Amino acid sequence: IIEGYKRKLNVDFIINSKSKIIIEATSINITHRSISPNRTRICNIDHRFQMLKKKNPDVVTIMVLEFTGKPIYLPNVKRLIETEILNTDYYILNNELSKLPDIIKAN
């Protein structure tokens, strides 16, 4: 639990290094064309990061997403993430999870 702008927020992981690193992990399942429920979930996490950064501007935020479903929709998910998130410093999808230790060491 970490203090946000208006209230305390429960986050998945907090790592104390040079700066505080906040990690939120979730999974997305897209089996049909509509990705709006997942857009809502991604935007909600990004909004939580906004509330955390407003209170603690030096935190580093990481969103870890596990994509399941039809592989043909993966480029759509990447495009959605890149256009919708503003307050997430790093996002990691499925096979990019090996980048996480390097990101943590760098911060």
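This structure is a prediction, so every number in the text was calculated from the model and none was measured.

Asker: How should the overall build of the chain be read in this particular structure?
Answerer: Within the chain, the regular secondary structure consists of three helices and six strands. Put simply, the chain runs from its N terminus to its C terminus through helices and strands in the order β-β-β-β-α-β-α-β-α. For 107 residues, the compact-globule estimate of 2.2 N^0.38 gives 13 Å, and the C-alpha radius of gyration of the chain, at 14 Å, lies within 12% of that figure. With respect to the three principal axes, the spread of C-alpha positions in the chain is 40 × 30 × 20 Å. Here the chain holds 107 residues, and 39% of them are scored as buried. Sequence-distant contacts in the chain: of pairs separated by 6 or more residues, those separated by 24 or more amount to 65%. Counting only carbon and sulfur atoms, one obtains 50% of the accessible surface of the chain, whose full area is about 6600 Å².

Asker: Would you mind showing me how to read the pattern of salt bridges here?
Answerer: Close approach of charged atoms allows side chains with opposite charge to pair. Enumeration according to the criterion identifies three salt bridges in this entry. A salt bridge links Glu84 to Arg39, with the shortest nitrogen-to-oxygen separation between them at 3.8 Å. One end of the pair, Glu84, is in helix α2 (residues 74-84); the other, Arg39, is in helix α1 (residues 36-55), with 45 residues separating them in the sequence. Note on Glu84: relative accessible area 28%, which makes it partly exposed. A salt bridge links Lys53 to Asp89, with the shortest nitrogen-to-oxygen separation between them at 2.9 Å. On the criterion of sequence distance, the pair formed by Lys53 in helix α1 and Asp89 in the loop between α2 and β6 (90-93) is long-range, its members being 36 residues apart. You can call Asp89 partly exposed: its relative accessible area is 36%.

Asker: What is the right way to look at the packing of aromatic side chains in this model?
Answerer: In the structure shown here, the tally under the stated rule is zero aromatic pairs. The ring of Tyr5 carries the charged tip of Lys54 above its face, separated from the ring centre by 4.1 Å.

Asker: How should the sheet that holds strand β4 (residues 20-30) be read in this particular structure?
Answerer: Across a sheet, paired strands are connected by hydrogen bonds in the backbone, their directions being either parallel or antiparallel. Pairing is mixed in the open sheet, where four strands are placed in the order β3-β4-β5-β6. The open sheet has two edge strands with one neighbour each: β3 (13-16) and β6. Between one strand axis and the next, the sheet turns by 25° as a mean value, whatever way the strands run. As paired strands, strand β5 (residues 60-69) and β6 are joined by four bridges and run parallel to one another. If you follow Met63 over to β6, its bridge partner there is Tyr91. Its contacts with the sheet place α1 against β4 and β5, and it is angled at close to 170° to β4. Relative to β6, α2 is tilted by about 170°, and along the sheet it contacts β4, β5 and β6.

Analysis parameters
- Within any chain, residue numbers begin from 1 and follow the written order of that chain's sequence.
- Reporting of local features is limited, given that this is a predicted model, to residues whose pLDDT is at least 70; pairs of side-chain atoms are given and counted only at 80 or more, and all residues count toward the totals for whole chains, interfaces and linings.
- To obtain the side-chain values, all non-hydrogen atoms of the structure were used and water was disregarded.
- Starting at the N terminus, helices and strands are each numbered in turn, a helix being any DSSP run of H or I of at least four residues and a strand any DSSP run of E of at least two.
- With the radius of gyration taken over C-alpha atoms, the globule rule is written as 2.2 Å times the number of residues to the power 0.38.
- Partly exposed describes any residue whose relative accessible area lies between the buried limit of under 20% and the exposed limit of over 50%, with all areas from a 1.4 Å probe on protein chains only and scaled to the type maximum.
- Contacts: residue pairs with any heavy atoms within 4.5 Å of one another.
- Where accessible areas are quoted, they stem from the Shrake-Rupley method and a 1.4 Å probe; at the residue level, only the protein chains shown are allowed to cover.
- A pairing counts as a salt bridge when a side-chain nitrogen of Lys or Arg comes within 4 Å of a carboxyl oxygen of Asp or Glu.
- Aromatic pairing here means that ring centres of Phe, Tyr or Trp (its six-membered ring) are within 6.5 Å. Orientation follows from the plane angle: under 30 degrees is stacked, over 60 is edge-to-face, and everything else is tilted.
- Two conditions define a charge sitting above a ring: the NZ of Lys or the CZ of Arg must be within 6 Å of the ring centre, and it must be within 35 degrees of the ring normal.
- Think of it this way: DSSP has to see at least two bridges between two strands before they count as a pair.
- Here, axes are lines fitted to C-alpha atoms. For helices the fit covers the stretch in contact, and angles between N-to-C directions go from 0 to 180 degrees.

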